[in-house]
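# Descriptive analysis of the structure
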Protein chains: 2
Amino acid sequence: MADGETISANELNAFVAKALSSKGVPEEDAAKVASLMVEADIYGYGTHGVFRLRQYLARLSGGGCNATPSITVAQETVATAVIDGDNGLGHLAMAAARDLAINKARKAGIGWVGVRNGNHAGPLALYVRPQAEAGLLGMAAAVGSANHVPPFGGTDLLLGTNPIAFSAPTDGPDPFVFDMATTVAAMGKIKTLHQQGKQMPEGWMIGRDGQPLTDPARKSEGYLLPIGGPKGFGLSVVVGLMAGVLNGAAFGADVVDFTSDTTSPTNTGQFVMALDPAAFGIGDGFGAEASRVFDEMRASKPLPGHDAVRMPGDGKTMVADDRRRRGLNLNPSLKADLNRLAKDCGVAPPFSDGAA
Amino acid sequence: MADGETISANELNAFVAKALSSKGVPEEDAAKVASLMVEADIYGYGTHGVFRLRQYLARLSGGGCNATPSITVAQETVATAVIDGDNGLGHLAMAAARDLAINKARKAGIGWVGVRNGNHAGPLALYVRPQAEAGLLGMAAAVGSANHVPPFGGTDLLLGTNPIAFSAPTDGPDPFVFDMATTVAAMGKIKTLHQQGKQMPEGWMIGRDGQPLTDPARKSEGYLLPIGGPKGFGLSVVVGLMAGVLNGAAFGADVVDFTSDTTSPTNTGQFVMALDPAAFGIGDGFGAEASRVFDEMRASKPLPGHDAVRMPGDGKTMVADDRRRRGLNLNPSLKADLNRLAKDCGVAPPFSDGAA
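Fair warning: this is a prediction, and the values are worked out from it, not measured in the lab.

Turning next to the packing of helix α2 (residues 27–42) of chain B against helix α4 (residues 90–108) of chain B. All names here are of chain B. Two elements in contact, α2 and α4, have axes whose closest approach is 10 Å; the angle formed by their N-to-C orientations is 80°. Taken together, α2 and α4 sit at an angle that is classed as roughly perpendicular. Here Asp29, Lys32, Val33, Leu36 and Met37 of α2 lie close against α4, whose contacting residues are His91, Leu92, Ala95 and Arg98. Among the residues making up the contact of α2 with α4, the classes are represented as 5 nonpolar, 1 polar and 3 charged.

See below:
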């Protein structure tokens, strides 16, 4: 049981794994998923880490997610593959896709691995950062696990936040890691604001009347806005085609809302890619050249009212090391929720009453 | 010589090829580049078609662009390659990259071909639409041919518009073709507004004071804005890494402004990708499934004040067929410019005095 403000990564890991096992997930799979969920929090993706445990447990209980999947390679070439996630927890198929993409990139210069019959797998950063740490470039995308976005100029919810992520090695302490929703805001951030009792800024959502919507409690009455209007819409469709349709996974009206529906398989589609700089003549020199350009950018005089320029991923390694050493400081409502889940699952609560 | 409003694609083609040949470009290469430049206009990418002839001729005259390049495959695997454009007209290396990516995708499921020592190659759509017409998915990106964009929150021009494009087959008359700058506006559009004596809308550029800049004549005094703020910045850096650094091409302060500098090689970097749906189990079924989702989107009731939902690429096939049949209607200032270029090159002017 965690005392005071923080919980160690190991304790949080063990708790999440026990909670998943209580729903029938085999020990090895539960440990793997728990470790990725906690890693999301360690790297600061708080909206996509253990915060999602409630949803995953609900889908395991409801039968929408298969507790004992058999993850298989359905089809492959030297450079591509499709992994069938057998409707298990999404992290399992995506971790397999990432590892396979890296192996293929080492042999063929590139590895592109699609996933079908997947599920919500946490932040995409989990599936691109390891490429950069191994000296490769990474890319990943996912069809969002609920439709909150209409096509540009339309009113029917046919698109998710459809995130896309990229990574690359550098010579500095932090690899380049860039993980974005194709909407101005991700639903996870809006849920966090709701939990914290805060309002959304204008520009994140509009209502059915086309007017700004700022109350996160009314999020189901409006639409998330794509970045750059028709451009974000186009990017979102690209993700739907490459992560969904290409793999035989859901896109459009087929997408199941994985929060409100705990009983239906989602057939979530994703892909993970790895590129080896050795196949492009730059090899080990990639990091130095990327860092040269990044240093030029960091040295740029800030615009009035702005802090120093930061590159995507900057500072994450230090913060993550600190959390691994000192533990994680989860917000009070999440601590309370994890204690409630512990009770539901019949496992020991991770926080003392005072701390939660 | 074209009479009246329009010029046939063949006539325009022949004129552009002759103008390029007058600067020492071999006949076969000149014909290939001219045909791609005219195709850009046929598909409605007016800012990236024959409008660019003046720039290309200036760089050939100035020695910045090599009139007689030898395009070679510098390195390859079964699924990847790097093409060295030998500093020739950019269309030559990019057309070779596109064809090689398609061939590799047929064999390995994916083909990813980078370009170094390239040049401005017109709209990326030229290098992704053929994939979709052949039943494949396409992707391409380019490091922009001049830096007009600072890093997010900074003030030094270290990024170009860094465009990215995607394509996919459908069952309808139009493939999905989506070609976007990672900035709100592309410099080509701003040049066209300038030529037409029009103002820019707010949100396209800001001045060094952080205030909106709307006069296209003052474009060199300000910054293009990325879509979605830090997200567009991140995407732009991804393009710089994957199209530039990975191929040993320019990115950051290395990028040469190809308009103001006609004597230096640009070492432009690009890449072209092709994915074969047959390697992902969906094969010929891809188009039908994409069209199912697209039809759902097109049928969505429009938001107040919006037209019917359109997918990227919709209508282009019909418009292109029409231009191929009836000829192209270029704007008067472009016609006059092409006649002036004809005189400079010592070739017959494409338009009669009355028409230009």
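The next thing to look at is the nonpolar core. Val237, Leu241 and Met297 of chain A together with Trp112, Val237, Leu241 and Met297 of chain B are the most contacted members of the largest nonpolar core, which has 108 residues in total. Not counting residues within four places of it along the chain, the set of residues in contact with Val237 of chain A comprises Leu159 and Phe251 of chain A together with Phe176, Phe294, Met297 and Met311 of chain B.

Residues and elements named next belong to chain A. Regarding helix α6 (residues 187–196), the residues found buried are Met187, Gly188, Ile190, Thr192 and Leu193. Check the buried side of α6 and you find it contacts β7 (205–207) and β9 (222–224). Positive phi shows up at Gly197, right after α6, with a value of about 70°.

One pass over the structure, following the stated rule, counts 6 aromatic pairs over all chains. Centroid distance Phe176 of chain B to Phe178 of chain B: 6.3 Å. Interplanar angle 40°. Geometry classified as tilted. With respect to class, Phe176 of chain B is no different from Phe178 of chain B; both count as buried. Members of the aromatic cluster, joined through ring pairs, are Phe176, Phe178 and Phe294 of chain A. Between Lys316 of chain A and the ring centre of Tyr45 of chain A, over which it is positioned, the NZ or CZ distance is 4.4 Å.

Residues and elements named next belong to chain A. Counting buried positions along strand β2 (residues 80–84) gives 5 out of 5 residues, so the element sits mostly inside the fold. The side-chain alternation of β2 yields two buried faces, one formed by Thr80, Val82 and Asp84 and the other by Ala81 and Ile83. One ladder, built from 4 bridges, connects strand β1 (residues 72–76) with β2; its direction is antiparallel. Bridge pairing links Thr72 to Asp84 in β2. Taking the residues between adjacent antiparallel strands as the criterion, β1 and β2 are bridged by 3 residues. Pairing of β2 with strand β3 (residues 110–118) involves 5 bridges; the strand directions are parallel. The partner of Ile83 across the bridge, within β3, is Val115. For the crossover that starts at β2, traverses helix α4 (residues 90–108) and ends in the parallel β3, the hand is right-handed.

The next point concerns the relation of the copies chain A and chain B. Here the two chain copies are tied together by a rotation about an axis and a shift along that axis. For these two chains of identical sequence, chain A goes onto chain B by a turn of 180° and a shift of 0.0 Å along the axis, with RMSD 0.0 Å. Here the two chains are linked by the operation of a two-fold rotation axis.

Our focus in this paragraph is the interface of chain A and chain B. Taken together, the contacts link 81 residues of chain A with 81 residues of chain B. Both sides of the chain A and chain B interface together cover about 6300 Å² of buried area, and 75% of this is carbon and sulfur. Considering only the surface of chain A that becomes buried against chain B, Lys231, Leu246 and Phe280 of chain A emerge as the three largest contributors, covering 12% of it. There are 2 salt bridges connecting chain A and chain B. Notably, a salt bridge pairs Asp254 of chain A with Arg292 of chain B, separated by 2.9 Å at the nearest N-O pair. Taken together, the connections running from chain A to chain B amount to 28 residue pairs in polar contact (both at pLDDT 80 or more). Listed by contribution, the elements that provide at least two residues to the side of chain A that touches chain B are β2, β3, β4 (137–142), β5 (164–168), β6 (176–180), α7 (230–244), β10 (268–275) and α8 (285–298) of chain A.

Considering the arrangement of structural elements, one finds Gly153 of chain A in the loop between β4 and β5. A relative accessible area of 5% places Gly153 of chain A in the buried class. Remark: the alpha-carbon pair of Gly153 of chain A and Arg292 of chain A, spanning 139 residues in sequence, is separated by 42 Å. If we ignore the near neighbours within four places in the chain, the residues touching Gly153 of chain A are Lys301, Pro302, Leu303, His306, Asp307 and Val309 of chain B.

This brings us to the sheet that holds β7 of chain A. All names here are of chain A. Pairing is antiparallel across the open sheet formed by 3 strands, whose spatial order is β8-β7-β9. The strands lining the two open edges of the sheet, one partner per strand, are β8 (212–213) and β9. When β7 meets β8, the two strands line up antiparallel, connected through 2 bridges. Considered in β8, the bridge of Ile206 is made with Pro212.

About the criteria used
- Throughout this description, residue numbers start from 1 for each chain and increase along the sequence as written.
- Lettering for chains starts from A, numbering for ligands starts from 1, and both go in the order in which the items are written.
- Where totals are concerned, whole chains, interfaces and linings use all residues; where local detail is concerned, this predicted model gives features only for residues with pLDDT of at least 70, and gives and counts side-chain atom pairs only at 80 or more.
- Think of the side-chain values as coming from all heavy atoms in the structure, minus any hydrogens and water.
- Axis angles are defined between N-to-C directions and span 0 to 180 degrees, where every axis is a line fitted to C-alpha atoms and, for a helix, only to the segment in contact.
- A helix here means a DSSP run of H or I that spans at least four residues, while a strand means a run of E at least two residues long, and both kinds are numbered starting from the N terminus.
- For this classification, under 35 degrees means roughly parallel, over 145 means roughly antiparallel, 65 to 115 means roughly perpendicular, and everything else is oblique.
- Throughout, a residue-residue contact means that at least one pair of heavy atoms, one from each residue, lies within 4.5 Å.
- Throughout, the ten residues Ala, Val, Leu, Ile, Met, Phe, Trp, Tyr, Cys and Pro are labelled nonpolar, Asp, Glu, Lys and Arg are labelled charged, and all others, Gly among them, are labelled polar.
- Among buried residues, the Ala, Val, Leu, Ile, Met, Phe, Trp, Tyr and Cys ones that are joined through side-chain atoms within 4.5 Å form a nonpolar core.
- Think of it in three bands: with a 1.4 Å probe and only protein chains considered, a residue is buried below 20% of the maximum accessible area for its type, exposed above 50%, and partly exposed in between.
- We call Phe, Tyr and Trp rings a pair once their centres come within 6.5 Å, taking the six-membered ring for Trp, and we label the pair stacked below 30 degrees between planes, edge-to-face above 60, and tilted otherwise.
- The rule is short: NZ of Lys or CZ of Arg within 6 Å of the ring centre and within 35 degrees of the ring normal puts a charge over the ring.
- DSSP-based pairing: two strands are paired if at least 2 bridges between them are found.
- A clockwise path from the first strand over the helix to the second, with the strands pointing away from the viewer, defines a right-handed crossover.
- Each copy is superposed on the other by least squares, with the fit set by C-alpha atoms of residues at a pLDDT of at least 70 in both.
- Buried area: the accessible surface (1.4 Å probe) lost by two parts on joining, summed over both.
- Any Lys or Arg side-chain nitrogen located within 4 Å of an Asp or Glu carboxyl oxygen qualifies as a salt bridge.
- Any pair of nitrogen or oxygen atoms within 3.5 Å is treated as a polar contact; in protein, a donor-acceptor pairing is required on top of that, and neighbouring residues in sequence qualify only through side-chain atoms on both sides.

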